[in-house]
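Structural features, examined
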Amino acid sequence: MENQEEHQAEGVGRPGRPGRPGSNPEAVTARIRARFGDASVRDGNAVGCESVIAERDALLPFMTFLRDDPELTFDYLADVTAVDRLKLDEAVRFAVVYQLYSYKHNRRFSVSIPVPEADPRIQSVVSVWPGANWLEREVYDMYGIVFEGHPDLRRILMPDDFGSYPLRKDYPLHGKGERDNFVF
Amino acid sequence: MGLEDQLQENVMTTKVDAMVGWARKNSLWPMPFGTACCAIELMATLASRFDLARFGAEAIRFSPRQSDLLVVSGRVSIKMMPVLKKIYDQMPEPKWVISMGACASSGGVFNTYTLVQGVDQYIPVDVYIPGCPPRPENVIQALMKIQEKVAQAKAN
Ligand code: SF4
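Presented here is an overview of the structure given in this document. (Residues numbered from 1 in each chain as written. Chains lettered and ligands numbered in written order. Predicted model: local features only at pLDDT ≥ 70, side-chain atom pairs only at ≥ 80, totals over all residues. Heavy atoms only, no water.)

Glancing now at helix H2 (residues 27-36) of chain A. Residue and element names in this part refer to chain A. The complete set of buried residues in H2 reads Ala27, Val28, Thr29 and Ile32. The inward-facing, buried residues of H2 contact strand S1 (41-43), strand S2 (50-54), helix H3 (59-68) and strand S5 (107-115). Just downstream of H2 lies Gly37, where phi reads positive at about 100 degrees. (Buried < 20%, exposed > 50% of the residue type's maximum accessible area, 1.4 Å probe, protein only. Helix = DSSP H or I, 4+ residues; strand = E, 2+ residues; numbered from the N terminus. Contact = heavy atoms within 4.5 Å.)

Below, the discussion takes up the environment of Gln123(A). Secondary-structure assignment places Gln123(A) in strand S6 (residues 121-123). It is 21 Å that separates the C-alpha atoms of Gln123(A) and Thr29(A), two residues lying 94 residues apart in sequence.

Let us look at the sheet that holds strand S2 (residues 69-73) of chain B. All names here are of chain B. Reading across the sheet, the 4 strands line up as S1-S2-S3-S4 and stay open at both edges, with parallel pairing between neighbours. In this open sheet, the two edge strands, each paired with only one partner strand, are strand S1 (30-34) and strand S4 (127-129). Direction aside, neighbouring strands of the sheet carry axes that sit 15 degrees apart on average. Both S2 and strand S3 (residues 96-100) contribute to a ladder of 5 bridges, which runs parallel. Opposite Leu70, over in S3, you have Val97 as the bridge partner. Of the strands in this sheet, S1, S2 and S3 are in contact with helix H3 (residues 38-46), which crosses S2 at around 130 degrees. (Pairing = 2+ DSSP bridges. Axes fitted to C-alpha atoms, helices over the stretch in contact; angles between N-to-C directions.)

Below, the discussion takes up the side chain of Lys95(B). Residues and elements named next belong to chain B. Summarising the element assignment, Lys95 is placed in the loop between helix H4 (81-90) and S3. One buried charged side chain, Lys95, makes no salt bridge at all; its nearest oppositely charged neighbour is Glu93, positioned 4.3 Å away. There is a polar contact of 2.8 Å between the side chain of Lys95 and the backbone oxygen of Tyr88. Not counting the four nearest positions on each side in its chain, Lys95 is found in contact with Asp68, Tyr88, Asp89 and Asp126. (Lys, Arg positive; Asp, Glu negative; His and termini not counted. Salt bridge = Lys/Arg side-chain N within 4 Å of Asp/Glu carboxyl O. Polar contact = N/O pair within 3.5 Å; in protein donor to acceptor, adjacent residues only side chain to side chain.)

Attention now goes to H4(B). All names here are of chain B. Among all positions of H4, only Met81, Leu84, Ile87 and Tyr88 are buried. Around the axis of H4, the buried residues are gathered within 120 degrees of arc, so they sit on the same side. Looking at the buried positions of H4, the neighbouring elements they touch are S1, S2 and S3. (Arc of directions from axis to C-beta.)

Take the pattern of salt bridges next. Residues and elements named next belong to chain A. Following the criterion strictly, the structure yields 19 salt bridges over all chains and no others. Ionic pairing is found between Arg33 and Asp43, a salt bridge with its closest N-O pair at 3.4 Å. Highlighted residues: Arg33 in helix H2 and Asp43 in strand S1, separated in sequence by 10 residues. Of the residues examined, Arg33 reaches a relative accessible area of 23% and is grouped as partly exposed. Measuring nitrogen to oxygen at the nearest pair gives 2.6 Å for the salt bridge that ties Glu148 to Arg121. Highlighted residues: Glu148 in strand S7 (residues 146-148) and Arg121 in strand S6, separated in sequence by 27 residues.

Residues Met63(A), Leu66(A), Tyr98(A), Val111(A), Leu70(B) and Val72(B) are the most contacted members of the largest nonpolar core, which totals 58 residues. A total of 6 residues in this core trace back to one element, the largest contributor, which is helix H4 (residues 132-143) of chain A. The residues contacting Val111(A), other than those within four sequence positions of it, are Val52(A), Phe62(A), Met63(A), Leu66(A), Val96(A), Val97(A), Tyr98(A) and Leu100(A). Judged by nonpolar contacts, the second largest core, of 20 residues, contains Ala57(B), Val127(B), Ile129(B) and Ile146(B). (Core = buried A, V, L, I, M, F, W, Y, C linked by side-chain atoms within 4.5 Å.)

With omega at -5 degrees, the peptide bond leading from Glu93(B) into Pro94(B) counts as cis. By the element assignment, Pro94(B) lies in the loop between H4 and S3. Residue Cys132(B) is joined to Pro133(B) through a cis peptide bond whose omega torsion reads -10 degrees. Residue placement: Pro133(B) occurs in the loop between S4 and helix H6 (136-152). In the Ramachandran plot, Asn106(A) falls in the positive-phi region, its phi being about 45 degrees despite a non-glycine side chain. Secondary-structure assignment places Asn106(A) in the loop between strand S4 (94-102) and S5. Phi is positive for Asp51(B), which is not a glycine, with a value near 55 degrees. Tracing the backbone shows Asp51(B) in the loop between H3 and S2. The exposure class assigned to Asp51(B) is partly exposed, which follows from its relative accessible area of 26%.

Okay, structure coming up:
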């Protein structure tokens, strides 16, 4: 019962079916705007769950808020991935995407952070969700985006001496000769 | 009067090569290098329905030092190829290699940056099995081809 009252708290979920998609679709974004200001995030375009586009500057306080705020409690980082929008009509080439889930409220949320090609760096969120460790390594391996503050930023799938970032859209499918000239 | 007449039916004369080849070909000890879906089909070949034991090759060894037949079944990436090479090098002579499936033989449909386009670029292959995956009958046929080859090999 106590739990249900919690779900009824200002704009989050609805009794009995907490956090189902469609039960107040703007709840998380409203909560973020109430805390960080109206201009802090833009509406995202994820399909199937609420999402925002945020800036990379104050990433750690932002993510920590998502995790610790009692009405949000995104205690599970389901995935970190990235998008290369090379041929799309986007000003900033890359975006790092965080898929969050709250066990408490049974709700999903997606955060997209644009990362420019000229300076592909972003804060690591390992200190917020330790599970980000290997996920960020994979993004680094595939896209060459550097996660600052990561405890062990090495390639995770490709060999250590692999010189390229294969999921970048300008990387050719057959590679640049790596498969014929690798070291034994 | 020949030697056979004196020894009668208790003893048979032959050549060392033929006898050793006969023994070897009927007790191949395969080392499975299963990296993908083909390995599942290899397991099916070993299990009761197809029963590779009928061909004397049921003693699967997971140590290369105890095996004489390497079965490469699955995709081999450029990160995995040094491992495969090392395993091949660790197998004692004489040794034979089956390249099972399209991926191991040619890269298969994975004509991509990370996949070795045929393991025969780096280790010698005796028999290739086409298919994706090959059926157990194909694997058995490949084993019989290896047996023919083993029977003809020199003993030393
Ligand atoms: S040949 Fe087909 S079945 Fe065999 S490893 Fe490749 S994809 Fe899998």
